[in-house]
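Secondary and tertiary structure notes
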Amino acid sequence: MGLDMYAWQVAKEDAIGDFEIAKGSDGRFNIQAEMAYWRKHYDLHQWMENLYRAKGGTAESFNLIQLRLTMADLNILELDIKADTMPSSSPFPYDEETKQADLAVIASARETINDGYAVYYDSWW
């Protein structure tokens, strides 16, 4: 068992606040597309949990929670990556290749938002 993490593209009408995506009649989340997938990227996950708490999230466990990412959130994430101030909670190094991949996801997420969609982070332990 491990940490699987995703960035989802969601139609704006299916974005319900900071922590919820609308579900279809089949009970599944209305997700347009998977934008990114990470495996065991603990530093990024900890950063997302910190954001969740800052936005008022109160669940004891930050697991299976959809977290909407705004342009402002993406800007702060980019600054933290570039300044090497990401949380250090991983046994794996946050190397240059990982940083560049994360910055590419941020650029893609910005384009997605500019195209009229919402972006959500989600994870599963």
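Residues numbered from 1 in each chain as written. Predicted model: local features only at pLDDT ≥ 70, side-chain atom pairs only at ≥ 80, totals over all residues. Heavy atoms only, no water.

A short note on the nonpolar core
Selection rule: To form a nonpolar core, buried Ala, Val, Leu, Ile, Met, Phe, Trp, Tyr and Cys residues must be joined to one another through side-chain atoms within 4.5 Å. Whether a residue is buried, partly exposed or exposed follows from its accessible area with a 1.4 Å probe, protein chains only, as a fraction of its type maximum: under 20%, in between, or over 50%, in that order. Only DSSP runs of H or I with at least four residues qualify as helices, and only runs of E with at least two residues qualify as strands; both kinds are numbered from the N terminus onward. When checking whether two residues touch, look at their non-hydrogen atoms; a contact exists if any pair is within 4.5 Å.
If you look at the biggest cluster of nonpolar residues, it comprises 28 residues, and the most contacted ones within it are Trp38, Met48, Leu67, Leu69, Leu77 and Tyr121. Counting residues per element, this core draws most heavily on helix α1 (residues 42–54), which supplies six residues. Contacts of leucine 69, omitting those with residues within four sequence positions, involve Met48, Leu51, Leu74, Ile113, Val119 and Tyr121. Counting residues in hydrophobic clusters, the runner-up holds six residues, among them Trp8, Val10, Ala118 and Tyr120.

As for the packing of aromatic side chains
Describing an aromatic ring pair means giving the distance of the ring centres and the angle of the ring planes. We count it as follows: Geometry of aromatic contacts follows a simple scheme: Phe, Tyr and Trp rings, the Trp one being its six-membered ring, pair when their centres are within 6.5 Å, and the pair is stacked under 30 degrees between planes, edge-to-face over 60, tilted otherwise.
Counting across every chain of the model gives seven aromatic pairs. With a centroid separation of 5.1 Å and 35° between ring planes, the pair formed by tyrosine 52 and phenylalanine 62 is classed as tilted. Here the residue tyrosine 52 occupies a position in helix α1, and phenylalanine 62 occupies one in the loop between α1 and β5 (67–69), the gap between them amounting to 10 residues. On the accessibility criterion, tyrosine 52 (4% relative accessible area) is buried.

Looking at the layout of surface pockets
For clarity, the cut-off: Definitions used throughout: a 1 Å grid over protein atoms alone; a cavity as a set of points that fits a 1.4 Å probe which cannot get out; a pocket as an open set with protein on both sides within 12 Å along at least five of seven lines; a lining residue as one with an atom within 4 Å of a point. Grid points are joined across faces, edges and corners, and a volume is the space filled by probe spheres set on the points.
Here the largest pocket is characterised by a volume of approximately 180 Å³. Counting only elements with at least two residues in the lining of the largest pocket, the list comes to β1 (4–11) and β6 (117–124). Looking at which element gives the most residues to the lining of the largest pocket, the answer is β6, with three residues.

Remarks on empty space enclosed by the protein
Just so we agree on the cut-off: In this count, Pro and Cys sit with the nonpolar residues alongside Ala, Val, Leu, Ile, Met, Phe, Trp and Tyr, while Asp, Glu, Lys and Arg are called charged and the others, Gly among them, polar.
Inspection of the entire model under this criterion finds one cavity of 30 Å³ or more. Of the volumes computed, that of the largest cavity is approximately 90 Å³. Considering the residues around the largest cavity, the lining is formed by 13 residues, among which Trp38, Met48, Leu77, Val105 and Ile106 are closest to the centre. When residues of the lining of the largest cavity are traced back to their parent elements, those giving at least two are α1, α2 (71–82), α3 (96–114) and β6. Per-element tally for the lining of the largest cavity: the top contributor is α3, with four residues. Of the residues belonging to the lining of the largest cavity, the class tally is 12 nonpolar, no polar and one charged.

Re the sheet that holds strand β4 (residues 33–39)
Within a beta sheet, neighbouring strands are joined by backbone hydrogen bonds and run either parallel or antiparallel to one another. Our working rule: Strand pairing follows a simple DSSP-based rule, namely that at least 2 bridges must link the two strands. The angle between two axes is taken between their N-to-C directions and runs from 0 to 180 degrees, where each axis is a line fitted to C-alpha atoms and a helix contributes only its stretch in contact.
Taking strand neighbours across the sheet as the criterion, the four strands line up as β4-β1-β6-β5 in an open arrangement whose pairing is antiparallel. Whereas interior strands pair on both sides, the edge strands pair on one side only; in this sheet they are β4 and β5. With strand direction ignored, the average angle separating the axes of adjacent strands in the sheet is 25°. Of the strand pairs in this sheet, β1 and β4 are connected by six bridges, and their pairing is antiparallel. By the bridge assignment for β4, aspartate 4 is matched with arginine 39.

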